[in-house]
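Geometric and topological summary
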Amino acid sequence: MKKIGRLEFAFLLAVLSCAPPADGDVIVGKPGGRVAFRCGLPRGSGPPEWYHQGNVVYREDARTGFRQKCQLDICSRITVRQMTLEIRDLKETDAGKFTCKNNGGSEEHQLIVITVSASPSASLQLGSTATLQCQVIGPNPEPEVRWKKPDGSLYSGSKDANLKEVARSDEGTWNCTFDYQGRQYGETLDIRVIAPPPAPVTSRGPGPNPPCKDCGSPSRCFGGPNGRPVGPSPSPLLGLSWWMWVVIGVGCLIVLVLVVFIICLYKRIQRKKRKLRRMENSRQLLMNKQYCQCDRPAAAPKPQQRRLREKRSAPPRH
């Protein structure tokens, strides 16, 4: 019984290994976007390995548990969280089949990259020509695409919508749709219609005679008010109008007044400096003068003054 059980278990593993991969999700993305695939295999069978078009893009080392190195461009934009594979900054080359594998089997997912664009741009001028392009990358063979107008009606023609004369009804959201494995997918494109710039208006005088380029002679061109000749307006001097020349003249006048004021102020300050310098020199000369003082003994008092002093100092007689 044990041998039979082992044989049955080995046969079951062989059947599982040879079984076709299960169908997974179909994800539609556009360049520059982000998509995610969810692996539906049981978690207990080990961490999944991810393949893109048969090439390994994610695998963990069984001993260390770290991610093994990958040299493909898509590997630097892949992040795996448990059973989910995320791809950021999507590119057209990322389209195709993604397969997750572990001991429980394998599961295939399909990534479709769809690109919609308008030529020359998404902002179209009224009455101009434009082309709306829709490209689906991934399925083999490439599915047939259809354009839906903003009003919901189908565009009859090729996969590229050629607008020979853009109208106001073309403004809005266009939808590029396609069928894959019994389901419908699509991507939208917003179109804006703008009015063309107005044409330049040329001035014409009343009457049958067209305006002439050279109206130097009054007898050549007429039609203006009071019989005056109609001709081109005089061109501004050096490309500047009269009011700009007035502003320039006023500015130059102000600058000239400021220069004269500064020169006068400078001369006044210089005069004051010279005056102060002269006053300081004169004060210094007065302070440096030395007056003559003679050192001689005092003169002896006169005889009469001496007698008078002696009389005053003598005591009175009795």
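Residues numbered from 1 in each chain as written. Predicted model: local features only at pLDDT ≥ 70, side-chain atom pairs only at ≥ 80, totals over all residues. Heavy atoms only, no water.

The subject of this paragraph is the sheet that holds strand S9 (residues 123-125). On the basis of which strands lie adjacent, the open sheet formed by four strands has the order S9-S14-S13-S11 and mixed pairing. Whereas interior strands pair on both sides, the edge strands pair on one side only; in this sheet they are S9 and strand S11 (145-148). Averaged over all neighbouring strand pairs, the angle between strand axes comes to 30°, with direction disregarded. Of the pairings in the sheet, the one linking S9 to strand S14 (residues 183-194) comprises three bridges and is parallel in character. The residue bridging Ser 123 from the neighbouring strand is Arg 192, located in S14. (Pairing = 2+ DSSP bridges. Helix = DSSP H or I, 4+ residues; strand = E, 2+ residues; numbered from the N terminus. Axes fitted to C-alpha atoms, helices over the stretch in contact; angles between N-to-C directions.)

The next subject is the pattern of salt bridges. On inspection of all chains with the given rule, the structure shows nine salt bridges. Between Glu 187 and Lys 30 there is a salt bridge, and its shortest N-O distance comes to 3.6 Å. Placement of Glu 187 in strand S14 and of Lys 30 in the loop between strand S1 (22-29) and strand S2 (35-38) is noted, with a sequence separation of 157 residues between them. The exposure class assigned to Lys 30 is partly exposed, which follows from its relative accessible area of 47%. Among the salt bridges present, the one from Asp 73 reaches Lys 91, with a minimum N-O distance of 3.2 Å. Of this pair, Asp 73 sits in the loop between strand S4 (55-58) and strand S5 (78-81) while Lys 91 sits in the loop between strand S6 (84-87) and strand S7 (96-102), and the two are 18 residues apart along the sequence. Of the residues examined, Asp 73 reaches a relative accessible area of 43% and is grouped as partly exposed. When salt bridges that share partners are traced, they join Asp 73, Arg 77, Lys 91 and Asp 94 into one network. (Salt bridge = Lys/Arg side-chain N within 4 Å of Asp/Glu carboxyl O. Buried < 20%, exposed > 50% of the residue type's maximum accessible area, 1.4 Å probe, protein only.)

What follows deals with the state of the cysteines. Using the criterion set out here, one finds three disulfides in the structure. With a sulfur-sulfur separation of 2.3 Å, Cys 39 is cross-linked through a disulfide to Cys 100. Judged by the sign of its S-S torsion, about 80°, the cystine formed by Cys 39 and Cys 100 is right-handed. With Cys 39 in the loop between S2 and strand S3 (49-52) and Cys 100 in strand S7, this residue pair connects regions lying 61 residues apart in the sequence. An identical accessibility class is assigned to Cys 39 and Cys 100; each is buried. In this model Cys 70 forms its disulfide with Cys 75; the gap between the sulfur atoms is 1.9 Å. When its relative accessible area of 24% is taken as the criterion, Cys 70 is described as partly exposed. Overall, the relative accessible area of 5% leaves Cys 75 in the buried class. (Disulfide = S-S within 2.5 Å.)

It is worth spelling out the nonpolar core at this point. Leu 132, Trp 147, Trp 174 and Phe 178 are the most contacted members of the largest nonpolar core, which totals 24 residues. Those elements that provide at least two residues to this core are strand S8 (105-119), strand S10 (130-137), S11, strand S12 (161-163), strand S13 (172-180) and S14. Apart from residues lying up to four places away in sequence, Trp 174 is in contact with Leu 132, Trp 147, Lys 148, Lys 149, Pro 150, Tyr 155, Ala 161, Leu 163, Glu 187, Thr 188, Leu 189 and Ile 191. (Core = buried A, V, L, I, M, F, W, Y, C linked by side-chain atoms within 4.5 Å. Contact = heavy atoms within 4.5 Å.)

Turning our attention to the UniProt feature "transmembrane region" (unreviewed entry) in the chain. UniProt annotation of "transmembrane region" (unreviewed entry) refers to residues 242-266 when read in the numbering used here. Taken end to end, residues 242-266 comprises 100% helix and 0% strand; its first and last C-alpha atoms sit 36 Å apart. (UniProt positions renumbered as here; feature names shortened; annotations may be inferred.)

Next up on the list: the packing of aromatic side chains. Counted according to the given criterion, the structure contains three aromatic pairs. Between Phe 37 and Phe 98, the aromatic rings sit 5.2 Å apart at their centres with planes inclined by 25°, giving stacked as the arrangement. Of the two residues, Phe 37 sits in strand S2 while Phe 98 sits in strand S7, which places them 61 residues apart along the sequence. As far as burial versus exposure is concerned, Phe 37 and Phe 98 are alike and both buried. Between the aromatic rings of Trp 147 and Trp 174, the centroid separation amounts to 6.3 Å while the plane-to-plane angle is 75°, which identifies the pairing as edge-to-face. Of this pair, Trp 147 sits in strand S11 while Trp 174 sits in strand S13; the two residues are 27 residues apart in sequence, bridging distant segments of the chain. Judged by its relative accessible area of 1%, Trp 147 falls in the buried class. According to the relative accessible area criterion, Trp 174 is buried, its value standing at 0%. Between Lys 101 and the ring centre of Tyr 51, over which it is positioned, the NZ or CZ distance is 4.8 Å. (Phe/Tyr/Trp six-rings, centres within 6.5 Å; stacked < 30°, edge-to-face > 60°. Lys NZ or Arg CZ within 6 Å of the ring centre and 35° of its normal.)

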